[in-house]
Amino acid sequence: MSPRKRRFEFARVPAQIGQDLDERLGAATLLRRALNKVFPNHWSFLLGEIALYSFIVLLLTGTFLALFFDPSMTEVAYDGSYTPLRGEMMSQAYATSLHLSFDVRGGLIMRQMHHWAALLFMASILVHMFRVFFTGAFRKPREMNWVVGVLLFWLGFFEGFAGYSLPDDALSGTGLRIATAIILSIPVIGTWTYTSLFGGEFPGTEILPRLYIVHVFLIPLLLLGLITVHLALMVKQKHTQWPGPKATEHNVVGVRMVPGFALKTTGFFLLIFGLIALMGGLVQINPLWLFGPYKGEVVSAASQPDWYVMFLDGSTRLMPDWDLTIGPYTIPAIFWPTVVLPGVLTMLAVFYPAIDRRIYKDYEAHHLLQRPRDVPVRTALGMMAISFWLVLTISGGNDIVAEKFDISLNAMTWAGRVGLLIVPPIAYWVTYRICLGLQQHDREVLAHGVETGIIKRLPDGRFIEVHQPLADGHLEYAGTPVPKKMNKLGALGPAIRGFFFPIEKPAPPPPAVTPVSPADAPRELEEAPPKY
Amino acid sequence: MSSEHHAPVADPSFDVDDPRNTRFDLVREGLRRDGMEIAYYEPAFPPGRKSKVEKRIERSIALLFVLAGLFAVAFVVAYIWWPWKYEMGATASKFYTPILALTLGGSLVLLAFGIIAWAKKLLPHEVVIQDRHDGASPYDEQRLTGAAIMNIVDETGIRRRPLLKAALALPAAGLGVAAVAPLVGALIKDPNDGHPLLKTGWNPENNNGRPVRLTRQDGTPVRPEEVSPGGQMTVFPGIPGGATNKWADSPVLLIHLRQADADRLRASIAASQAALAEGRDVTRPVVDGMWQNFVAYSKICTHAGCPASLYEQQTNRLLCPCHQSQFLITEQAKPVFGPAHRKLPMLPLDVEDGFLVARSDFLEPIGPTYWERPVEINEQEATS
């Protein structure tokens, strides 16, 4: 060691820290790999991120709420700031919900952000699942992650229902009461489950404290664990990608995680957070002070659950009164639309990857996504499922539709019953035909070129539309979008950018864009006979 | 894997200390060693003097950041100093929550836009291709791992010592049950313990064996003359706490029928009783619970337990707003539309000392149907 005092070099500090850390962790390779990991780019890959980020907002706002909420069902007389309810007897749970809304600084925006984030969480899960389904991202090797996703949906569903029940206002009590009917409907163990969960008869004093620990600890823990598994599997198996230049089944084409992806996704998180904050303070949700405390004899029309529960509400409304009597025992009609139906739907979703393998006789691993049009059976099945769900969801609010459009309520119920049977097959057929049509059009453009909008009159008096061929030779369909307009080929020059004023000079139109040289016309005629 | 597939190959002779290498060469080499290749790379703007466009973008992003910071400060200021205590009427406190939303949400959204613009406008455009390393592990690896696992199984000797295996089954099963037992054991509650599903607040046992009065929410009893013909009223059992959620199964809709409707209901009951006497198929129980032109039905829907309480005076129907089951009052409240299968239970009425009372409890379990639900409860049980 040199006796000379070493000069302290500030610029060397980061490198020195890095070296010191690596001497202890030996993680340089791992870190570089993580920084460089490649993410493919597509807007539809952001849908799952919305769910992740609203979950983070849920954890943050939920922790705040838990500091002030008390799920006790002890009856108290309200004495908070909201004068219309002063002196009213209510549960401690409802009283502290009011307290949160009126007497905690910023409590109302937190409560409303929590509720909006929950709705967004479920919505983004659903849309994300649509994306994964229609593009075939659930195929081998990702079946496990699809099942984890289905579990996450149902955990979110029950988490949402538990949260909806906690404030103990008239709406949440009504929802809980319907839940008791569903539990009671289960053959053999219904009554035992009911009294065990409620610690006796509905509503009792046990159910809210129990739902509370389920809502703030049990399900969030499971959600957190499964989300971790979901993301870990995604990292291990790497993201799927669209077919495109250089993209194959054996690589990932995109940008490195840092800085490109990380910066964008941080911005995206802040955007989601910001939008939830805006909605939480500007758009009222669940004004529970207007509903009053839950009372067994009080209910009002237009009692709707949160949107993701509405399909089960709808199925319950549409179900005919078919109680099944077996000797002295009964299976009530409500059992089928509320227990059996969701069970069947879940099983269909869980086993769909296996079903899909059999439909397409495809047992290979895939990392390239499919365009929905290229797998018409799957796309049509998906649209059939969505239309089935939509009929149920609309029926879950059929009293509101009936009232707003002045339709008979009973007619709405019948329309739902009939619609549930005939709309999905129609959706299947229409989707299937649309897929085939789109496929055909892709092939047509590849074979004959893009429509130019130029009509030519031939010497013999016939009119034809001139097509711009995409290439001289034969083009094979590659599972990627096919250009269908001339400006996609650069023929019209790029649009001028800028909102109020042009931010750049418009580029001069490329020189060689005369759509068709006169010599092309006869050849065009040979290739594409005019259609009449 | 297929032969057309080329993974980027690291150059074994690459020297990280070679002074001729630029830093970007090192980046490229690092990528290669992890199976990645830069296919396209272009800085958003050329190095050297900043162009006008670049400067404008830079300024715009800076402006977004500054605004985001100002909004954040505004949030803190509003949070602390804006009047937040709830007051009735149009007061400044009404704007508290919207202002918090605008400042907090505004700050986050502006910051988000700034960061996204930075990523999209200022970062280099790049296309990087990473080798996927997909598929199963190589055959060798599978064999080696499989052998390791089987060896572990053998090392434990579980196959060699079936006695241990059998003996272990006992604590495994025992502890498995023991793990579940406290939860199930503590939670479980016998639905036949006290028969909460069969009894309501109208059972005379809640009133020292005397018939329970029909009372209003505030506990005052009801005289027949207080409900005019065509009128209706929600009543509760006249016992301590009868109008609270402790007796959530007991609310009843008391209806004073008009003469014509009352006659229709009486005829309906008589017809059912005749059918019952003749042994014809009829929905049991047939309850003659009317007192003069008064009738009382359980408010708890027989479908899902919501209060079936929307009374349509013109059609004499009761509608449950949850799932739209409809019950015809003049036909013993039998369901005429919707998912409900059973009629609303009728509470047998009487008058004592000038006040309406329940002769007995309901003669069937109220509310939703369940597996072992009895069709009717005999009168003795309902009165004792």
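Residues numbered from 1 in each chain as written. Chains lettered and ligands numbered in written order. Predicted model: local features only at pLDDT ≥ 70, side-chain atom pairs only at ≥ 80, totals over all residues.

Colleague: Residues and numbers for the overall build of chain B, please.
Modeller: Secondary structure assignment for chain B yields 7 helices and 12 strands. The C-alpha atoms of chain B give a radius of gyration of 39 Å, which is well past the 21 Å a tight globule of 384 residues would have. In terms of overall dimensions, chain B has C-alpha extents of about 110 × 80 × 40 Å along its principal axes. (Helix = DSSP H or I, 4+ residues; strand = E, 2+ residues; numbered from the N terminus. Rg over C-alpha atoms; globule rule 2.2 N^0.38 Å.)

Colleague: So what's going on with the pairing of strand E4 (residues 232-237) of chain B? Which residues, and what values?
Modeller: In regular strands, side chains alternate between the two faces of the sheet. All names here are of chain B. Examined bridge by bridge, strand E3 (residues 212-215) and E4 share 2 bridges and lie antiparallel to one another. Note on E4: the bridge partner recorded for Thr 215 is Phe 236. Inspection of the sheet shows E4 paired to strand E5 (residues 252-256) by 4 bridges, in the antiparallel sense. Within E5, the position partnered with Val 235 by the bridge is Val 252. (Pairing = 2+ DSSP bridges.)

Colleague: Provide a residue-level description of the domain arrangement of chain B, including the pertinent values.
Modeller: Bring the parts together and some accessible area is lost; that lost area is often taken as the interface size. Assigned domains of chain B: these are domain 1 (1-135), domain 2 (139-187) and domain 3 (204-383). On a C-alpha basis, the centres of domain 1 of chain B and domain 2 of chain B stand 50 Å from each other. (Domains from an automatic or database assignment.)

Colleague: Help me get a handle on the interface of chain A and chain B, residues and values and all.
Modeller: Taken residue by residue, the interface counts 86 residues in chain A and 74 residues in chain B. The biggest single contributor to the side of chain A that touches chain B is helix H10 (residues 257-282) of chain A, with 16 residues. (Contact = placed C-beta atoms within 7 Å.)

Colleague: Residue-level account of the environment of B:Asp140, with values.
Modeller: Residue and element names in this part refer to chain B. As for its placement among the helices and strands, Asp 140 is situated in helix H4 (residues 139-156). Classification of Asp 140 as exposed rests on a count of 8 C-beta atoms within 10 Å. On a C-alpha basis, the gap between Asp 140 and Gln 314 in space is 82 Å, while along the polypeptide they are 174 residues apart. (Buried ≥ 20, exposed ≤ 12 C-beta atoms within 10 Å, placed from the backbone.)

Colleague: Break down unusual backbone geometry for me, citing the residues and quoting the values.
Modeller: Most of the time, phi is negative for any residue but glycine, and the peptide bond is trans. Residues and elements named next belong to chain A. A cis amide bond links Lys 140 to the next residue, Pro 141, at an omega of 10 degrees. Examined against the element boundaries, Pro 141 turns out to sit in the loop between helix H5 (107-135) and helix H6 (143-165). In this model, Val 258 is joined to Pro 259 through a cis peptide bond whose omega is 5 degrees. Following the sequence through the fold, Pro 259 ends up in helix H10. Of note in this structure, Asp 168 is not a glycine but carries a positive phi near 60 degrees.

Colleague: Quick rundown of the sheet that holds strand E2 (residues 125-131) of chain B? Include the residues and the values.
Modeller: Adjacent strands of a sheet pair through backbone hydrogen bonds, lying either parallel or antiparallel. Strand order across the open sheet formed by 4 strands is E1(A)-E4(A)-E2(B)-E1(B), with antiparallel pairing between neighbours. Here the strands that pair on one side only, and so sit at the sheet edges, are strand E1 (38-39) of chain A together with strand E1 (36-42) of chain B. Summarising the sheet, strand E4 (residues 251-256) of chain A and E2(B) pair through 4 bridges and their orientation is antiparallel. The residue of E2(B) that forms the bridge with A:Gly254 is B:Val128. Here helix H1 (residues 23-33) of chain B sits on the sheet in contact with E1 and E2 of chain B, set at roughly 145 degrees to E1(B). (Axes fitted to C-alpha atoms, helices over the stretch in contact; angles between N-to-C directions.)

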